[in-house]
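Working through the structure, step by step
What follows is each chain in one-letter form.
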Amino acid sequence: MLPIVAIVGRPNVGKSTLFNRLTRSRDALVADVPGLTRDRHYGRGRVGEKPYLVVDTGGFEPVAQQGVLHEMARQTRQAVDESDAVLFMVDARAGPVPQDRLIADALRRSGRRIFLVVNKAEGMQPAMAGAEFHALGLGEPLPVSAAHGEHVPDLMDIVLAAFPEAPEPIVEPGRRPRIAVVGRPNVGKSTLVNALLGEERVVVHSEPGTTRDSIHVEFEHAGRSYTLIDTAGLRRRGRVAEIVEKFSVVKTMQAIEEANVAILVLDARQEISEQDAHIAGYLLEAGRAVVVAVNKWERLTAEARNHTKRVLARKLGFLAFARLHFISALTGQGMPALLKSVDEAYAAAMARLPTPRLSRVLAQAVAQQEPPRSGLIRPRPRYAHQGGVNPPRIVIHGNALERVPDTYRRYLERFFREAFKLQGTPLRVELRSGANPYASRARRRR
């Protein structure tokens, strides 16, 4: 399981700036206005040697008793409870303030590993930037500049040192597919889990996981074995019909990391929400094979169904590789076809692509459309080989490939996907340029 790192502090100390720096994104809004972040934001950490999840929180007011500040404090406490480590951010230029001491006391009682991060320390001597913060009693202050990235990689090396290396995912062909059923609350995940486990000729066995109540349910259907990674609160077979929906973003993200295939459940009666798009985007980022299940389809009129299809095509176009199923988990409509698509997506995610054929397909793609020139230079892809599975990764070697635009990379992805019929899985294309054999000779001439 990936470690979870929460960023906590009073308003306007730079928590969202650090979140964006760690995730290499702009997911969190940043402005010089206190209290801009109110809800928790989640992302995949990209700074540091080990993978992890990072959580951005709103300004922490530990003593707030009501209103928005109380709700923000509740959200922050939940993020701390979910976390394995906490980055407590303070402002080097403002120095310690009474609210910092209140937060320090609250974090000490949490029992989590706390790292005191002194932000906005650019241009300051590290010892001077952190000197006053020793009084908080949380160990050695760690000065950084989230805005400029100074010492942020060093910070994450310290934070992640205590966590083990992430185990390699189980991706060997022939193993049972590991399926995560994900989606926001009240879209019918629990009903879908029941439908998957309650059909005829199904054998069920559940085992509690080792971290954060992750539940693995082994079942068989039509002679095929599966493992369901539950995010809907399933406990044991005897209570399958009494599942209570429990939604946690962390549980969903952890389940996605463990799975080979994710079934993204949407509610046909509701518009695609920001939370839906966030989960879908994380599936793509994590490289998981995806099947989209639009649930409660039986409740829509013909006109509403056409509208929903148009909205899905517009808002989830980045999941065009995934099969789309319109189902009713309550009545069982569409369930056999859904599992068939899970099998197809799993096979595509684990596909072994022979090097000779990859290189032939690359030659066909280049013959059909060459990479565009970059100045006087035209990139020259030469050959390709497979670099991994789940998702399939194709490594292309050649000359000047660092000049290939993203549009051409997407063209190659589509070409390979169609050639190898990789339906249901993302595909990664990695470009590697060979060293120029004449570079040293050119330098000697100069």
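Anyway, here's the lowdown on the structure attached to this text. Not measured: the values here are computed from a predicted model.

Let's talk about the packing of aromatic side chains
A complete count under the given rule lists four aromatic pairs for this structure. Arranged with centres 5.2 Å apart and planes meeting at 45 degrees, the rings of Tyr408 and Tyr411 form a pair that is tilted. In this pair, Tyr408 and Tyr411 both sit in helix 12 (residues 406-420), three residues apart, roughly one turn of the helix. Overall, Tyr408 belongs to the buried group, its relative accessible area being 2%. Relative accessible area serves as the criterion here: at 8%, Tyr411 is assigned to the buried category. A cation over a ring is seen here: Arg113 above Phe163, with NZ or CZ 5.4 Å from the ring centre. Above the plane of the ring of Phe420 lies Arg357, whose end atom (NZ or CZ) is 4.4 Å from the centre.

Examining unusual backbone geometry
Of note, the bond from Asn390 into Pro391 is cis; its omega dihedral lies within 30 degrees of zero at 5 degrees. With respect to the element layout, Pro391 can be found in the loop between strand 14 (380-388) and strand 15 (393-399). A positive phi is found at Asn12, a non-glycine position, where the angle reads about 65 degrees. On the secondary structure map, Asn12 appears in the loop between strand 1 (4-9) and helix 1 (15-23). For Asn12, a relative accessible area of 29% puts it in the partly exposed group. If you check the backbone angles, His151 has positive phi at about 65 degrees while not being a glycine. As for its position among the elements, His151 is in the loop between strand 6 (142-143) and helix 5 (152-160).

Quick notes on the sheet that holds strand 16 (residues 428-433)
Taken together, the three strands give an open sheet; going across it, the order is 14-15-16, and neighbouring strands pair in mixed fashion. Among the strands making up the open sheet, the edge pair consists of strand 14 and strand 16. The average undirected angle you get between the axes of adjacent strands in this sheet is 25 degrees. Sheet analysis places strand 14 next to strand 15, joined by seven bridges and oriented antiparallel. Residue pairing for strand 15: Gln386 is matched across the bridge by Ile394. Sheet strands touched by helix 11 (residues 355-368): strand 14 and strand 15. Its angle to strand 14, the strand with the most contacts, is close to 140 degrees. With respect to the sheet, helix 12 is in contact with strand 15 and strand 16, its orientation differing from that of strand 16 by roughly 125 degrees.

Focus: the packing of helix 6 (residues 189-198) against helix 10 (residues 335-349)
Between helix 6 and helix 10, the shortest axis-to-axis distance is 11 Å and the interhelical angle comes to 85 degrees. The angle between helix 6 and helix 10 places the two elements in the roughly perpendicular class. Here Leu192, Ala195 and Leu196 of helix 6 lie close against helix 10, whose contacting residues are Met335, Leu338 and Leu339. Class assignment for the residues of the contact of helix 6 with helix 10 results in six nonpolar, no polar and no charged.

Focus: helix 6
For helix 6, the buried fraction is high: seven of the ten residues fall into the buried class. Taken together, the buried positions of helix 6 are occupied by Lys189, Ser190, Leu192, Val193, Ala195, Leu196 and Leu197.

What counts and what doesn't
- Residues numbered from 1 in each chain as written.
- Predicted model: local features only at pLDDT ≥ 70, side-chain atom pairs only at ≥ 80, totals over all residues.
- Heavy atoms only, no water.
- Phe/Tyr/Trp six-rings, centres within 6.5 Å; stacked < 30°, edge-to-face > 60°.
- Helix = DSSP H or I, 4+ residues; strand = E, 2+ residues; numbered from the N terminus.
- Buried < 20%, exposed > 50% of the residue type's maximum accessible area, 1.4 Å probe, protein only.
- Lys NZ or Arg CZ within 6 Å of the ring centre and 35° of its normal.
- Pairing = 2+ DSSP bridges.
- Axes fitted to C-alpha atoms, helices over the stretch in contact; angles between N-to-C directions.
- Contact = heavy atoms within 4.5 Å.
- Parallel < 35°, antiparallel > 145°, perpendicular 65-115°, else oblique.
- Nonpolar A, V, L, I, M, F, W, Y, C, P; charged D, E, K, R; others polar.

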